[in-house]
Amino acid sequence: MGQIVPDAVERYLADLNHVVDPMLQDIARTGEEQDLPLVDAEVGALHRILATAVGAKRILEVGTAIGYSGIWLAGALPPGGMLVTLEMDEDRVRRARENFARAGFADRANVIVGDAQRMIAKVSGPFDLIFQDGDKRLYTPLLDRLVALLRPGGLLVTDNVLWDGDVVPGFKKPTRDAADTRAISEYNQRLNAHPQLMTTTVPLRDGVAISVKRGSPELRPMLETLTRATQALRNADFNDDARK
C-alpha cells in the first residue's frame, strides 16, 4: 500500500490518464527494471499540464536520468522552445539523448553533463518552468540560484518533497537515507518560507511542490512607465507665476 496515496487511489488516477504513449511506457518499464529514479506517469502528465498552463518556451530540469520526465516537459514546448536538462552520469546522458531523439525532441532538448552545482552557474535564464529532481542534498544549496533563473510568474516544480512520508515526524518508521531526509525537510522549510515564492504541495506519488515566483512580467513595463512619470513630475517646475 502506498504511504502517501493508497494504491487503489493511484490505480484509479492511472486509469484516468489517457495520455498513452508506447514510447514513454517503454522508457518507464526500462526505468523500473533498472531501478532508475524516474517520475510516475501521473507526475509526468502534471508536468506537461503545468508547462502548458504557463505557456513555457524555456524549461530547465535538474536531474535528467534517461529523459523520461524531460520528454513529458518537452512535449509542452512550442516550435523553437528549449529544454535545458542537467545530468552528471554520462551513461544516463547518452541514453537520454537517444530517448529525446526517439521522441522527436532532439532539436529542443539540450542535455548538459556535469555536476549541477557547477553547471547551474553557467546556465542563463530566464526560464518559464524549472523542474528540480536531482541530488536531494543539493535541493537547498541550489534553491536561490533556481529562483534567480525563474521569470516572475514562472513555476518551480520539485519532486520527492514528501520522501515516502519520512519527512513527517512520527508518521512511519523511516526507510530512506537519513541525510537525504534531513536535506528534504530543510528544503521544504526554506521553500515554503521563501520571500519570492508562493508554494503548495500536491500529495501525488512521492509529493510534488509547486511554487510560483512572485511578480508579473506583464506589470513590469507599466511600473517602469509609472516610475519615469513620477520622476518627471518631481523634476517639473510647477511654480508658474500667472502674472508674468
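This report concerns the structure included in the present document. (Residues numbered from 1 in each chain as written. Predicted model: local features only at pLDDT ≥ 70, side-chain atom pairs only at ≥ 80, totals over all residues. Heavy atoms only, no water.)

## Topic: the packing of aromatic side chains
Then step 1. In total, this model carries two aromatic pairs according to the counting rule given.
Then step 2. A ring pair is formed by Y68 and W72, whose centres lie 6.5 Å apart and whose planes are at 80 degrees; its orientation type is edge-to-face. Separated by four residues within a single helix, Y68 and W72 lie in helix α4 (residues 68–74), roughly one turn from each other.
Then step 3. The class for Y68 is buried, based on a relative accessible area of 3%.
Then step 4. For W72, a relative accessible area of 2% puts it in the buried group.
Then step 5. Sitting over the face of the ring of F127, R58 holds its NZ or CZ atom 4.4 Å from the ring centroid.
Then step 6. Above the face of the W163 ring, R176 is positioned so that its terminal group lies 4.2 Å from the ring centre. (Phe/Tyr/Trp six-rings, centres within 6.5 Å; stacked < 30°, edge-to-face > 60°. Helix = DSSP H or I, 4+ residues; strand = E, 2+ residues; numbered from the N terminus. Buried < 20%, exposed > 50% of the residue type's maximum accessible area, 1.4 Å probe, protein only. Lys NZ or Arg CZ within 6 Å of the ring centre and 35° of its normal.)

## Side note on the pairing of strand β3 (residues 109–113)
Then step 1. In terms of strand pairing, strand β2 (residues 82–87) meets β3 through five bridges, oriented parallel. Within β3, the position partnered with T85 by the bridge is V111.
Then step 2. Each parallel crossover has a hand, and the one from β2 via helix α5 (residues 90–102) to β3 is right-handed. (Pairing = 2+ DSSP bridges. Right-handed = clockwise from strand over helix to strand, strands pointing away.)

## Here we look at the packing of helix α7 (residues 139–149) against helix α8 (residues 178–193)
Then step 1. Where α7 meets α8, the closest approach of the two axes is 9 Å, and the angle between their N-to-C directions is 30 degrees. Between α7 and α8, the angle is such that the two are roughly parallel. Between α7 and α8, the contacting residues are Y139, T140, L143 and D144 on the first element and A183, E186, Y187, R190 and L191 on the second.
Then step 2. The residue makeup of the contact of α7 with α8, split by class, is five nonpolar, one polar and three charged. (Axes fitted to C-alpha atoms, helices over the stretch in contact; angles between N-to-C directions. Parallel < 35°, antiparallel > 145°, perpendicular 65-115°, else oblique. Contact = heavy atoms within 4.5 Å. Nonpolar A, V, L, I, M, F, W, Y, C, P; charged D, E, K, R; others polar.)

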